[in-house]
Amino acid sequence: MTDATAVFDEHRQALLGAAYRVLGTMTDAEDAVQETWLRWAAADHDEVESPRAYLLTAVTRQALNIARAQERRREAYVGPWLPEPVTHAPDTAELAESVSIAMLVVLESLSPAERATFVLHEVFGMPLSEVAETLQKSPAAVRQLAHRAREHVQARRPRQPVDRATHREVTERFLAAASGGSIEGLMGMLAPDVVLYSDGGGLRRAALRPIFGAEKVLRFGLGVMQNPDTPVVLRIGELNGRAALIAVGMDGVDTVATFLLDGGLITEVYVMRNPEKLRHVWIS
(Lines give C-alpha, C1' and ligand atoms only; values in the text may rest on other atoms or scores of the structure.)
Protein backbone atom coordinates (compact mmCIF):
# COMPACT_ATOMS: atom_id res chain seq x y z
CA MET A 1 0.00 0.00 0.00
CA THR A 2 2.97 2.28 0.64
CA ASP A 3 4.10 1.81 -2.98
CA ALA A 4 0.56 2.52 -4.22
CA THR A 5 0.44 5.71 -2.19
CA ALA A 6 3.81 6.81 -3.58
CA VAL A 7 2.65 6.18 -7.16
CA PHE A 8 -0.54 8.15 -6.58
CA ASP A 9 1.34 11.04 -5.00
CA GLU A 10 3.68 11.10 -7.98
CA HIS A 11 0.74 11.69 -10.32
CA ARG A 12 -1.50 13.75 -8.04
CA GLN A 13 -0.67 17.14 -9.57
CA ALA A 14 -1.39 15.83 -13.06
CA LEU A 15 -4.71 14.38 -11.90
CA LEU A 16 -5.66 17.64 -10.21
CA GLY A 17 -4.72 19.54 -13.36
CA ALA A 18 -6.83 17.30 -15.59
CA ALA A 19 -9.88 17.52 -13.32
CA TYR A 20 -9.50 21.30 -12.85
CA ARG A 21 -9.40 21.87 -16.61
CA VAL A 22 -12.51 19.74 -17.14
CA LEU A 23 -14.48 21.16 -14.20
CA GLY A 24 -13.23 24.73 -13.79
CA THR A 25 -13.33 24.64 -9.98
CA MET A 26 -10.65 23.47 -7.60
CA THR A 27 -13.22 22.23 -5.09
CA ASP A 28 -14.81 19.86 -7.61
CA ALA A 29 -11.39 18.87 -8.96
CA GLU A 30 -10.24 17.86 -5.48
CA ASP A 31 -13.40 15.76 -5.08
CA ALA A 32 -12.62 13.98 -8.36
CA VAL A 33 -9.05 13.30 -7.25
CA GLN A 34 -10.24 11.96 -3.90
CA GLU A 35 -12.65 9.56 -5.59
CA THR A 36 -9.85 8.47 -7.89
CA TRP A 37 -7.65 7.72 -4.88
CA LEU A 38 -10.35 5.50 -3.38
CA ARG A 39 -10.58 3.54 -6.64
CA TRP A 40 -6.80 3.32 -6.92
CA ALA A 41 -6.45 2.11 -3.34
CA ALA A 42 -8.91 -0.71 -4.05
CA ALA A 43 -7.43 -1.68 -7.44
CA ASP A 44 -5.30 -4.72 -8.22
CA HIS A 45 -2.08 -2.86 -9.00
CA ASP A 46 -0.41 -5.93 -10.50
CA GLU A 47 -2.95 -5.72 -13.34
CA VAL A 48 -2.20 -2.06 -14.11
CA GLU A 49 0.33 -1.69 -16.95
CA SER A 50 0.48 2.12 -16.89
CA PRO A 51 -0.47 3.81 -13.60
CA ARG A 52 -0.50 7.24 -15.30
CA ALA A 53 -2.97 6.17 -17.98
CA TYR A 54 -5.09 4.30 -15.44
CA LEU A 55 -5.26 7.28 -13.09
CA LEU A 56 -5.93 9.84 -15.84
CA THR A 57 -8.74 7.64 -17.13
CA ALA A 58 -10.21 7.26 -13.66
CA VAL A 59 -10.03 10.96 -12.76
CA THR A 60 -11.51 12.00 -16.12
CA ARG A 61 -14.47 9.67 -15.66
CA GLN A 62 -14.99 11.06 -12.17
CA ALA A 63 -14.76 14.61 -13.51
CA LEU A 64 -17.33 13.90 -16.21
CA ASN A 65 -19.73 12.51 -13.59
CA ILE A 66 -19.30 15.71 -11.58
CA ALA A 67 -19.67 17.82 -14.76
CA ARG A 68 -23.12 16.33 -15.34
CA ALA A 69 -24.15 17.39 -11.84
CA GLN A 70 -22.59 20.82 -12.47
CA GLU A 71 -24.80 21.32 -15.52
CA ARG A 72 -27.90 20.78 -13.42
CA ARG A 73 -26.67 23.24 -10.76
CA ARG A 74 -25.82 25.86 -13.34
CA GLU A 75 -29.35 25.93 -14.66
CA ALA A 76 -30.22 27.84 -11.47
CA TYR A 77 -26.95 29.82 -11.30
CA VAL A 78 -27.37 33.60 -11.10
CA GLY A 79 -25.51 35.42 -13.89
CA PRO A 80 -22.43 34.27 -15.84
CA TRP A 81 -20.43 31.33 -14.52
CA LEU A 82 -16.65 31.79 -14.44
CA PRO A 83 -13.90 29.34 -13.48
CA GLU A 84 -12.50 29.40 -9.98
CA PRO A 85 -9.11 31.19 -9.83
CA VAL A 86 -6.07 29.74 -8.09
CA THR A 87 -3.03 31.47 -6.64
CA HIS A 88 0.48 30.17 -6.01
CA ALA A 89 -0.28 28.37 -2.77
CA PRO A 90 2.27 25.63 -2.04
CA ASP A 91 -0.09 22.81 -3.04
CA THR A 92 -1.33 24.47 -6.25
CA ALA A 93 1.72 26.40 -7.52
CA GLU A 94 2.47 24.00 -10.38
CA LEU A 95 -1.16 23.96 -11.49
CA ALA A 96 -1.56 27.72 -11.20
CA GLU A 97 1.40 28.16 -13.56
CA SER A 98 0.00 25.87 -16.22
CA VAL A 99 -3.55 27.02 -17.00
CA SER A 100 -4.83 30.57 -17.35
CA ILE A 101 -8.32 31.79 -16.53
CA ALA A 102 -8.75 32.74 -20.19
CA MET A 103 -8.04 29.16 -21.27
CA LEU A 104 -10.44 27.81 -18.66
CA VAL A 105 -13.13 30.15 -20.02
CA VAL A 106 -12.53 28.77 -23.52
CA LEU A 107 -12.63 25.18 -22.27
CA GLU A 108 -15.88 25.94 -20.45
CA SER A 109 -17.47 26.85 -23.79
CA LEU A 110 -16.87 23.27 -25.00
CA SER A 111 -19.09 20.33 -24.16
CA PRO A 112 -17.78 18.16 -21.29
CA ALA A 113 -16.79 15.41 -23.74
CA GLU A 114 -14.94 17.89 -25.99
CA ARG A 115 -13.26 19.37 -22.94
CA ALA A 116 -12.10 15.97 -21.69
CA THR A 117 -10.85 14.99 -25.15
CA PHE A 118 -8.88 18.22 -25.53
CA VAL A 119 -7.36 17.97 -22.06
CA LEU A 120 -6.33 14.32 -22.35
CA HIS A 121 -5.01 14.54 -25.92
CA GLU A 122 -3.64 18.09 -26.27
CA VAL A 123 -2.46 18.70 -22.69
CA PHE A 124 -1.45 15.23 -21.49
CA GLY A 125 -0.58 13.64 -24.84
CA MET A 126 -2.87 10.63 -24.50
CA PRO A 127 -3.40 8.89 -27.87
CA LEU A 128 -6.91 9.28 -29.25
CA SER A 129 -7.38 5.51 -29.14
CA GLU A 130 -6.90 5.63 -25.35
CA VAL A 131 -9.11 8.72 -25.07
CA ALA A 132 -11.84 6.73 -26.83
CA GLU A 133 -11.52 3.97 -24.24
CA THR A 134 -11.58 6.52 -21.42
CA LEU A 135 -14.74 8.20 -22.72
CA GLN A 136 -16.23 4.88 -23.82
CA LYS A 137 -16.86 6.24 -27.30
CA SER A 138 -15.87 5.05 -30.76
CA PRO A 139 -12.51 6.19 -32.18
CA ALA A 140 -14.34 8.02 -34.98
CA ALA A 141 -16.49 9.93 -32.50
CA VAL A 142 -13.45 10.93 -30.44
CA ARG A 143 -11.56 12.09 -33.53
CA GLN A 144 -14.51 14.37 -34.28
CA LEU A 145 -14.57 15.64 -30.70
CA ALA A 146 -10.85 16.38 -30.88
CA HIS A 147 -11.23 18.22 -34.20
CA ARG A 148 -14.10 20.39 -32.97
CA ALA A 149 -12.36 21.19 -29.68
CA ARG A 150 -9.05 22.09 -31.37
CA GLU A 151 -10.78 24.36 -33.90
CA HIS A 152 -12.80 26.09 -31.20
CA VAL A 153 -9.80 26.71 -28.95
CA GLN A 154 -7.76 28.01 -31.89
CA ALA A 155 -10.55 30.39 -32.93
CA ARG A 156 -10.70 31.91 -29.42
CA ARG A 157 -6.96 32.49 -29.11
CA PRO A 158 -5.70 36.09 -29.36
CA ARG A 159 -4.25 37.01 -32.73
CA GLN A 160 -1.27 38.63 -30.99
CA PRO A 161 -0.77 36.89 -27.63
CA VAL A 162 1.55 38.52 -25.11
CA ASP A 163 4.05 37.02 -22.71
CA ARG A 164 3.69 37.07 -18.94
CA ALA A 165 5.98 40.06 -18.49
CA THR A 166 3.86 42.18 -20.84
CA HIS A 167 0.69 40.95 -19.17
CA ARG A 168 2.03 42.06 -15.78
CA GLU A 169 3.17 45.41 -17.16
CA VAL A 170 -0.30 46.15 -18.58
CA THR A 171 -1.96 45.05 -15.34
CA GLU A 172 0.34 47.30 -13.32
CA ARG A 173 -0.38 50.25 -15.62
CA PHE A 174 -4.11 49.58 -15.28
CA LEU A 175 -3.82 49.62 -11.49
CA ALA A 176 -1.80 52.84 -11.57
CA ALA A 177 -4.34 54.53 -13.84
CA ALA A 178 -7.27 53.31 -11.72
CA SER A 179 -5.61 54.47 -8.50
CA GLY A 180 -4.84 57.86 -10.03
CA GLY A 181 -8.30 58.31 -11.51
CA SER A 182 -6.97 58.53 -15.08
CA ILE A 183 -10.02 57.66 -17.18
CA GLU A 184 -8.14 58.47 -20.37
CA GLY A 185 -5.32 56.14 -19.37
CA LEU A 186 -7.74 53.31 -18.60
CA MET A 187 -9.65 53.77 -21.86
CA GLY A 188 -6.39 53.59 -23.78
CA MET A 189 -5.76 50.08 -22.48
CA LEU A 190 -9.18 48.68 -23.42
CA ALA A 191 -10.03 47.39 -26.89
CA PRO A 192 -13.12 49.16 -28.28
CA ASP A 193 -15.02 45.84 -28.34
CA VAL A 194 -13.82 44.66 -24.90
CA VAL A 195 -16.16 42.32 -23.02
CA LEU A 196 -16.48 42.00 -19.25
CA TYR A 197 -17.84 38.90 -17.51
CA SER A 198 -18.58 39.06 -13.80
CA ASP A 199 -19.50 36.19 -11.49
CA GLY A 200 -21.19 36.99 -8.19
CA GLY A 201 -23.12 33.74 -7.96
CA GLY A 202 -26.09 35.66 -6.56
CA LEU A 203 -24.04 36.36 -3.42
CA ARG A 204 -22.31 39.59 -4.48
CA ARG A 205 -23.18 42.43 -6.80
CA ALA A 206 -22.31 41.48 -10.38
CA ALA A 207 -23.65 42.02 -13.89
CA LEU A 208 -26.20 39.38 -14.85
CA ARG A 209 -25.03 39.48 -18.47
CA PRO A 210 -21.73 40.19 -20.21
CA ILE A 211 -20.95 43.90 -20.63
CA PHE A 212 -19.76 45.05 -24.05
CA GLY A 213 -17.77 48.13 -25.02
CA ALA A 214 -14.94 50.06 -23.36
CA GLU A 215 -17.04 52.80 -21.79
CA LYS A 216 -19.58 50.45 -20.20
CA VAL A 217 -16.88 48.05 -19.02
CA LEU A 218 -14.95 50.87 -17.40
CA ARG A 219 -18.05 52.27 -15.71
CA PHE A 220 -18.90 48.89 -14.20
CA GLY A 221 -15.34 48.12 -13.15
CA LEU A 222 -14.83 51.44 -11.42
CA GLY A 223 -18.19 51.08 -9.72
CA VAL A 224 -17.09 47.81 -8.15
CA MET A 225 -13.65 49.09 -7.13
CA GLN A 226 -14.86 52.45 -5.78
CA ASN A 227 -18.00 51.32 -3.94
CA PRO A 228 -18.06 53.31 -0.65
CA ASP A 229 -20.17 50.61 1.02
CA THR A 230 -17.40 48.03 0.60
CA PRO A 231 -14.05 49.89 0.59
CA VAL A 232 -11.17 47.84 -0.77
CA VAL A 233 -7.44 48.13 -1.33
CA LEU A 234 -6.27 47.16 -4.81
CA ARG A 235 -3.08 45.21 -5.27
CA ILE A 236 -1.34 43.12 -7.90
CA GLY A 237 -1.37 39.37 -7.38
CA GLU A 238 -0.88 36.32 -9.53
CA LEU A 239 -3.75 34.06 -10.53
CA ASN A 240 -3.34 31.02 -12.74
CA GLY A 241 0.10 32.09 -13.86
CA ARG A 242 -0.88 35.65 -14.85
CA ALA A 243 -0.84 38.99 -13.06
CA ALA A 244 -4.26 40.00 -11.76
CA LEU A 245 -5.95 42.71 -9.74
CA ILE A 246 -6.96 41.63 -6.25
CA ALA A 247 -9.31 43.83 -4.22
CA VAL A 248 -8.90 43.22 -0.50
CA GLY A 249 -11.55 44.35 1.98
CA MET A 250 -11.90 44.07 5.74
CA ASP A 251 -12.97 40.43 5.47
CA GLY A 252 -10.24 39.37 3.06
CA VAL A 253 -10.33 38.99 -0.73
CA ASP A 254 -13.42 40.74 -2.06
CA THR A 255 -12.90 40.67 -5.84
CA VAL A 256 -10.34 39.54 -8.39
CA ALA A 257 -10.05 40.68 -11.99
CA THR A 258 -7.98 39.07 -14.72
CA PHE A 259 -7.45 40.17 -18.31
CA LEU A 260 -7.12 38.60 -21.72
CA LEU A 261 -4.74 40.64 -23.87
CA ASP A 262 -4.43 40.81 -27.63
CA GLY A 263 -1.54 42.89 -28.93
CA GLY A 264 -1.27 44.76 -25.64
CA LEU A 265 -4.95 45.73 -25.46
CA ILE A 266 -7.40 44.23 -22.97
CA THR A 267 -10.05 42.34 -24.96
CA GLU A 268 -11.78 40.41 -22.16
CA VAL A 269 -12.10 41.06 -18.43
CA TYR A 270 -13.06 38.33 -15.95
CA VAL A 271 -14.29 39.61 -12.59
CA MET A 272 -14.80 37.05 -9.83
CA ARG A 273 -16.84 38.19 -6.83
CA ASN A 274 -18.49 34.95 -5.73
CA PRO A 275 -16.94 34.35 -2.28
CA GLU A 276 -17.35 30.59 -2.66
CA LYS A 277 -14.92 30.71 -5.60
CA LEU A 278 -12.33 32.89 -3.89
CA ARG A 279 -11.26 30.29 -1.34
CA HIS A 280 -8.14 29.38 -3.32
CA VAL A 281 -7.00 32.99 -3.69
CA TRP A 282 -4.28 33.72 -1.14
CA ILE A 283 -2.79 37.10 -0.29
CA SER A 284 0.69 37.52 1.16
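Check the entry above for the structure.
Nothing here was measured: the structure is a model prediction, and the numbers come from that model.

J.: Whenever I open this one, the overall build of the protein chain confuses me. Can you help?
T.: Looking only at helices and strands, the protein chain features 11 helices and 6 strands. For 284 residues, the compact-globule estimate of 2.2 N^0.38 gives 19 Å, and the C-alpha radius of gyration of the protein chain, at 20 Å, lies within 12% of that figure. Along the first, second and third principal axes, the C-alpha set of the protein chain runs to 65 × 40 × 40 Å. When burial is assessed residue by residue, the protein chain has 49% of its 284 residues classed as buried.

J.: Explain the pairing of strand E5 (residues 252-262) to me, please; I cannot follow it from the model alone.
T.: Along any regular strand, the residues point their side chains to alternate faces of the sheet. Burial runs high along E5: 10 of the 11 residues are buried. Adjacent in sequence and paired antiparallel, strand E4 (residues 242-249) and E5 are bridged by 2 residues. Across 7 bridges, the pairing between E5 and strand E6 (residues 265-272) is antiparallel. Along E6, the bridge assignment pairs Ala 257 with Val 271. Linkage of E5 to E6, two consecutive antiparallel strands, is achieved through a turn of 2 residues, within which Gly 263 is found at a positive phi near 65°.

J.: Quick question: what am I supposed to make of the packing of helix H7 (residues 128-135) against helix H8 (residues 139-156) here?
T.: If you want to describe how two helices pack, look at the angle between their axes and the distance between the axes. Between H7 and H8, the shortest axis-to-axis distance is 9 Å and the interhelical angle comes to 105°. Between H7 and H8, the crossing angle belongs to the class labelled roughly perpendicular. Between H7, through Leu 128, Val 131, Ala 132 and Leu 135, and H8, the contact on the second element is made entirely by Pro 139, Val 142, Arg 143, Leu 145 and Ala 146. Residues belonging to the contact of H7 with H8 are distributed by class as follows: 8 nonpolar, no polar and 1 charged.

J.: I keep staring at the nonpolar core and nothing clicks. Help me out?
T.: A general tendency of soluble globular proteins is for nonpolar side chains to be buried together. Counting residues in hydrophobic clusters, the biggest one holds 57 residues, and the most contacted among them are Leu 23 and Val 256. Once you skip the residues sitting within four places of it in the chain, Val 256 turns out to touch Pro 85, Leu 239, Leu 245, Ile 246, Tyr 270, Val 271, Met 272, Leu 278 and Val 281. Ranked by size, the runner-up nonpolar core spans 26 residues in total, among them Ile 211, Leu 222, Phe 259 and Leu 261.

J.: Help me understand unusual backbone geometry in this model?
T.: Among all residues save glycine, negative phi is the norm, and among peptide bonds the norm is trans. The backbone of Gln 136 shows a phi angle near 55°, a positive value even though the residue is not glycine. A positive phi angle is found at Asn 240, which is not glycine, with a value near 50°. Position of Asn 240 relative to the elements: it lies in the loop between strand E3 (233-239) and E4. Relative accessible area serves as the criterion here: at 1%, Asn 240 is assigned to the buried category.

J.: Any chance you could explain the pattern of salt bridges here in plain terms?
T.: Note that side chains of opposite charge can pair when their charged atoms are close. Throughout the structure, instances matching the rule amount to 12 salt bridges. Note that Arg 168 and Glu 172 form a salt bridge whose closest N and O atoms lie 3.5 Å from each other. With Arg 168 and Glu 172 both in helix H9 (residues 164-180) and 4 residues apart, this pair spans about one turn of that helix. Residue classification places Glu 172 among the partly exposed residues on the basis of a relative accessible area of 38%.

Calculation notes
The residue numbering used here restarts from 1 in each chain and proceeds along that chain's sequence as written. Owing to the predicted nature of the model, reporting of local features is limited to residues with pLDDT of at least 70; listing and counting of side-chain atom pairs is limited to 80 or more, with chain, interface and lining totals taken over all residues. With hydrogens and water stripped out, all remaining heavy atoms of the structure feed into the side-chain values. Strands here mean DSSP runs of E at least two residues long; helices mean DSSP runs of H or I at least four residues long; both are numbered from the N terminus. It is over C-alpha atoms that the radius of gyration is taken, and the globule rule equals 2.2 Å times the number of residues to the power 0.38. Any residue under 20% of the maximum accessible area for its type is buried, any over 50% is exposed, and the rest in between are partly exposed; the area is computed with a 1.4 Å probe on protein chains only. When DSSP finds at least two bridges between two strands, those strands are taken to pair. With axes taken as lines fitted to C-alpha atoms, and helix axes fitted only over the stretch in contact, angles between N-to-C directions fall between 0 and 180 degrees. The scheme is simple: roughly parallel for angles under 35 degrees, roughly antiparallel for over 145, roughly perpendicular for 65 to 115, oblique for anything else. Throughout, a contact is declared for two residues whenever any of their heavy atoms are within 4.5 Å. Three classes are used, and their members are as follows: Ala, Val, Leu, Ile, Met, Phe, Trp, Tyr, Cys and Pro are nonpolar, Asp, Glu, Lys and Arg are charged, and the others, Gly among them, are polar. We define the nonpolar core as a collection of buried residues of types Ala, Val, Leu, Ile, Met, Phe, Trp, Tyr and Cys that are connected through side-chain atoms lying within 4.5 Å of one another. Between Lys or Arg on one side and Asp or Glu on the other, a salt bridge is scored when a side-chain nitrogen of the former is within 4 Å of a carboxyl oxygen of the latter.

It is worth stressing that arrangement in space is one thing and function is another; only the former is reported here.
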